[in-house]
Amino acid sequence: MKRLPIGILGSGKGSNCRAILERIRSGDLAAEARIVISDVLDAPILEIAREFFVANAYLPPGQFRTRLEPEAEEELVKMLREAGVDLVVLAGFMRVLHAPMLKAFPRRIINIHPSLLPKFPGLEAWKQALAAGETVTGCTVHYVDEKIDHGQIVAQREVAILPNDTPETLHARIQIAERELYPAVIAEFCEKCPAPDL
Ligand code: GAR
């Protein structure tokens, strides 16, 4: 069977990464996770990769807080290319990507964000939705461009905001929706763009 080679990038706890790796393991998702990369040395997402026997690496990000140093981003391209990755999946990767990655993987980098974009880009989007008095929020998968949580929308899932929601309860329900939406979107990529036969 043809499997789409994916690379997963994340900075944190890795629940989306786990959902994707579980769906691959169960045979529901015709992808192959070639590598998991984090800009945080002790990020749980790297431990999850090891649990699933997926190659994993820490990428030292350099001196900037919200982006990779250009040399680090070139190194990221090299790592993903060497791993044979066709689709780059951002799963809680908290840095904006720039030319090296965007040129190397045009329309082949997707991100998940916990709001109905274009509403509430940036940090803690569920808190932003609560503070704005919304009754519905959700999550969005989009192609990545050079702006924060911006780029053509691929798919969205709505989540109702309940009257007694706290930031924690709302975030938890959005993350449940994310763990359904992201593997489903990747499955569509697998169908549309199967990897070439080896
Ligand atoms: C997810 O909720 C994702 O939507 C968010 O980070 C979390 C990562 O969780 N991403 C963003 O806010 C991007 N701007 P995870 O590490 O458990 O998958």
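Scroll up for the structure.
Numbering of residues starts from 1 in each chain and follows the order in which that chain's sequence is written. It should be noted that, the model being predicted, local features are given only for residues of pLDDT at least 70 and side-chain atom pairs only at 80 or more, the latter also being counted only at that level, while totals for whole chains, interfaces and linings use all residues. Hydrogens are left out, water is left out, and the side-chain values use all remaining heavy atoms of the structure.

Chemist: I tried to follow the packing of helix H1 (residues 15-25) against helix H2 (residues 44-51) on my own but got confused; where do I start?
Modeler: Between two packed helices, both the angle of their axes relative to each other and the distance between the axes serve to describe the pair. Between H1 and H2, whose axes approach to 9 Å, the crossing angle comes to 15 degrees. In this view, H1 runs roughly parallel relative to H2, as classed from their interaxial angle. Helix-helix and strand crossings are classified by hand; for H1 and H2 the assignment is right-handed. On H2, the residues touching Cys17, Arg18 and Leu21 of H1 are Ile45, Ile48, Ala49 and Glu51. Axis angles are defined between N-to-C directions and span 0 to 180 degrees, where every axis is a line fitted to C-alpha atoms and, for a helix, only to the segment in contact. Helix and strand assignments come from DSSP, with helices taken as H or I runs of at least 4 residues and strands as E runs of at least 2, each series counted from the N terminus. Throughout, the term roughly parallel applies to angles under 35 degrees, roughly antiparallel to angles over 145, roughly perpendicular to angles from 65 to 115, and oblique to all others. Put simply, a crossing is left-handed when the front helix is turned counterclockwise from the back one by less than a right angle, and right-handed when it is turned clockwise. When checking whether two residues touch, look at their non-hydrogen atoms; a contact exists if any pair is within 4.5 Å.

Chemist: Hey, could you run me through the environment of alanine 30 in this one?
Modeler: Assignment of secondary structure puts alanine 30 in the loop between H1 and strand S2 (31-38). The sequence separation of alanine 30 and leucine 4 amounts to 26 residues, and the corresponding C-alpha distance is 6.5 Å.

Chemist: Sorry, what's going on with the pairing of strand S1 (residues 4-9) here?
Modeler: In the case of a regular strand, side chains alternate between the two sheet surfaces. Any residue under 20% of the maximum accessible area for its type is buried, any over 50% is exposed, and the rest in between are partly exposed; the area is computed with a 1.4 Å probe on protein chains only. Burial within S1 is extensive, with six of its six residues counted as buried. Of the two faces of S1, the one holding Leu4, Ile6 and Ile8 and the one holding Pro5, Gly7 and Leu9 are both buried throughout. Think of it like this: strands point away, you trace from the first strand over the helix to the second, and a clockwise trace means the crossover is right-handed. Between S1 and its parallel partner S2, the chain crosses via H1, and the hand of that crossover is right-handed. A pair of strands counts as paired when DSSP detects no fewer than two bridges linking them. Summarising the sheet, S1 and strand S4 (residues 87-90) pair through four bridges and their orientation is parallel. Following the sheet pairing, glycine 7 is matched in S4 by valine 88.

Chemist: What exactly am I supposed to notice about H2 here?
Modeler: Each α-helix turn comprises 3.6 residues. Residues three or four places apart therefore point the same way. Taken together, the buried positions of H2 are occupied by Ile45, Leu46, Ile48 and Ala49. Projected down its long axis, H2 carries its buried residues within an arc of 155 degrees, all on one side. For H2, the elements touching its buried residues are S1, H1, S2 and strand S3 (56-58). Immediately downstream of H2, the backbone of phenylalanine 53 shows phi near 60 degrees, a positive value. The arc refers to the directions leading from the helix axis to the C-beta atoms.

Chemist: For this particular structure, what's the right way to read the nonpolar core?
Modeler: Nonpolar side chains in soluble globular proteins tend to end up buried together. Joining through side-chain atoms within 4.5 Å is the link that ties buried Ala, Val, Leu, Ile, Met, Phe, Trp, Tyr and Cys residues into a set, and such a set is a nonpolar core. Ile6, Ile8 and Ile110 are the most contacted members of the largest nonpolar core, which has 43 residues in total. No other element matches helix H6 (residues 167-192), which puts ten residues into this core. Discounting chain neighbours no more than four positions away, the residues touching isoleucine 8 are Cys17, Ile20, Leu21, Ile35, Val36, Ile37, Ile45, Val89 and Ala91.

Chemist: Where do I start with the packing of H1 against H6 in this structure?
Modeler: Closest axis-to-axis distance for the H1/H6 pair is 9 Å, and the angle between their directions is 45 degrees. In this view, H1 runs oblique relative to H6, as classed from their interaxial angle. Along this stretch, H1 crosses H6, giving a crossing that reads as right-handed. Side by side, H1 and H6 meet where Ser15, Asn16, Ala19, Ile20 and Arg23 of the first sit next to Gln175, Glu178, Arg179, Glu180, Tyr182, Pro183 and Ile186 of the second. For this classification, the nonpolar set comprises Ala, Val, Leu, Ile, Met, Phe, Trp, Tyr, Cys and Pro, the charged set comprises Asp, Glu, Lys and Arg, and every other residue, Gly included, is treated as polar. For the contact of H1 with H6, a count of residues per class yields five nonpolar, three polar and four charged.

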